Amino acid sequence: MGRISEDTRTRNEEAIRAAMDRLLRGDLPASGKCDLRTLASEAGVPRTAFYSKKNRDGTARPGPYQHLAQEFERRLAALRDAGTVLDPRAAQVERLKEANATLKARLDQRDAELESLKDFKQRALSQIAAQHLEIERLREQAAAIGNVRRVPAAPRGTAPYGSCS
């Protein structure tokens with residue numbers, strides 16, 4: 001790219017400032033973000049004009065619109081610090097991150113509850129097995145003694161012994 005005239009530079013700076021104001025108001029194009037790439041495309045200037053250049057001897061020189069890029073970044077940072085979100089997609093990403101964190105917390109809580117219920121189930125099954133073994137032992141002991149009689153079962157359709165009904 002060759003050198004540009006002062007008139008062209010002035011027109012480009014005006015276009016950049018106008019695009020900067022639009023972007024910082026939140027008027028973003030459908031496919032753009034609030035960044036230097038979108039600023040350059042909205043202003044109609046090459047993005048590389050916002051960055052420093054190197055001379056042939058290796059020394060750095062500022063880009064023709066680098067001061068405007070710094071102003072844009074400074075204003076954008078001030079808006080972010082004030083809590084203003086210009087990009088609706090960035091706001092959506094933040095909302096989704098918060099929702100994801102909430103869901104992860106719920107999932108962790110649910111996993112902890114599940115582990116607790118598994119432990120409870122294992123203890124309950126162990127107690128039932130121990131009680132079953134104790135009942136079997138007592139039945140064998142009662143059968144060995146021989147002085148225990150079984151109570152006759154009630155006929156079908158009648159109330160059991162000792163019923164109040």
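For the structure itself, look to the data block above.
Now for a look at the structure at hand. Owing to the predicted nature of the structure, the values given are computational and were not obtained by experimental measurement.

Rules used throughout
Residues numbered from 1 in each chain as written. Predicted model: local features only at pLDDT ≥ 70, side-chain atom pairs only at ≥ 80, totals over all residues. Heavy atoms only, no water. Helix = DSSP H or I, 4+ residues; strand = E, 2+ residues; numbered from the N terminus. Buried < 20%, exposed > 50% of the residue type's maximum accessible area, 1.4 Å probe, protein only. Polar contact = N/O pair within 3.5 Å; in protein donor to acceptor, adjacent residues only side chain to side chain. Contact = heavy atoms within 4.5 Å. Patch = residues over 30% accessible without salt bridge, like charges linked within 9 Å, V, L, I, M, F, W, Y side chains within 5 Å. Areas by Shrake-Rupley, 256 points an atom, 1.4 Å probe, with all protein chains shown as cover. Salt bridge = Lys/Arg side-chain N within 4 Å of Asp/Glu carboxyl O. Lys, Arg positive; Asp, Glu negative; His and termini not counted. Charge placed at Lys NZ, Arg CZ, Asp CG, Glu CD. Axes fitted to C-alpha atoms, helices over the stretch in contact; angles between N-to-C directions. Parallel < 35°, antiparallel > 145°, perpendicular 65-115°, else oblique. Left-handed = near helix turned anticlockwise from the far one by under 90°. Nonpolar A, V, L, I, M, F, W, Y, C, P; charged D, E, K, R; others polar. Core = buried A, V, L, I, M, F, W, Y, C linked by side-chain atoms within 4.5 Å.

### A few points about the side chain of T38
Link 1 in the chain: Secondary-structure assignment places T38 in helix α2 (residues 36–43).
Link 2 in the chain: For T38, a relative accessible area of 6% puts it in the buried group.
Link 3 in the chain: Reaching out from T38, the side chain makes a polar contact with the backbone oxygen of K33 at a distance of 2.9 Å.
Link 4 in the chain: Setting aside anything within four residues of it in sequence, one finds T38 in contact with L23, P29, G32 and K33.

### Let's talk about a negative patch on the surface
Link 1 in the chain: A surface patch of negative charge is lined by D108, D111, E115 and D119.
Link 2 in the chain: Within the fold, E115 resides in helix α4 (residues 88–145).
Link 3 in the chain: Overall, E115 belongs to the partly exposed group, its relative accessible area being 44%.

### Remarks on the packing of helix α1 (residues 6–25) against helix α3 (residues 66–81)
Link 1 in the chain: It is the contact of α1 with α3, at a shortest axis distance of 11 Å, that shows an interaxial angle of 15°. With respect to their mutual orientation, α1 and α3 come out roughly parallel. Relative to α3, the crossing made by α1 is right-handed. Between α1 and α3, the residues in contact are E13, I16, R17, M20, D21, L23 and L24 and H67, L68, E71, F72, R75, L76 and L79, respectively.
Link 2 in the chain: Split by residue class, the contact of α1 with α3 holds 8 nonpolar, 1 polar and 5 charged.

### Section: the nonpolar core
Note that soluble globular proteins tend to have their nonpolar side chains buried in a common cluster.
Link 1 in the chain: Ranked by size, the top nonpolar core spans 19 residues in total, and within it I16, L39, F50 and F72 carry the most contacts.
Link 2 in the chain: Contributions of two or more residues to this core are made by α1, α2 and α3.
Link 3 in the chain: The biggest single contributor to this core is α1, with 5 residues.

### With respect to α2
Link 1 in the chain: Restricting attention to buried positions, one finds in α2 the residues L36, T38, L39, A40 and A43.
Link 2 in the chain: Residues of α2 that are buried in the fold lie against α1 and α3.
Link 3 in the chain: The positive-phi residue at the C-terminal boundary of α2 is G44, with phi of around 80°.

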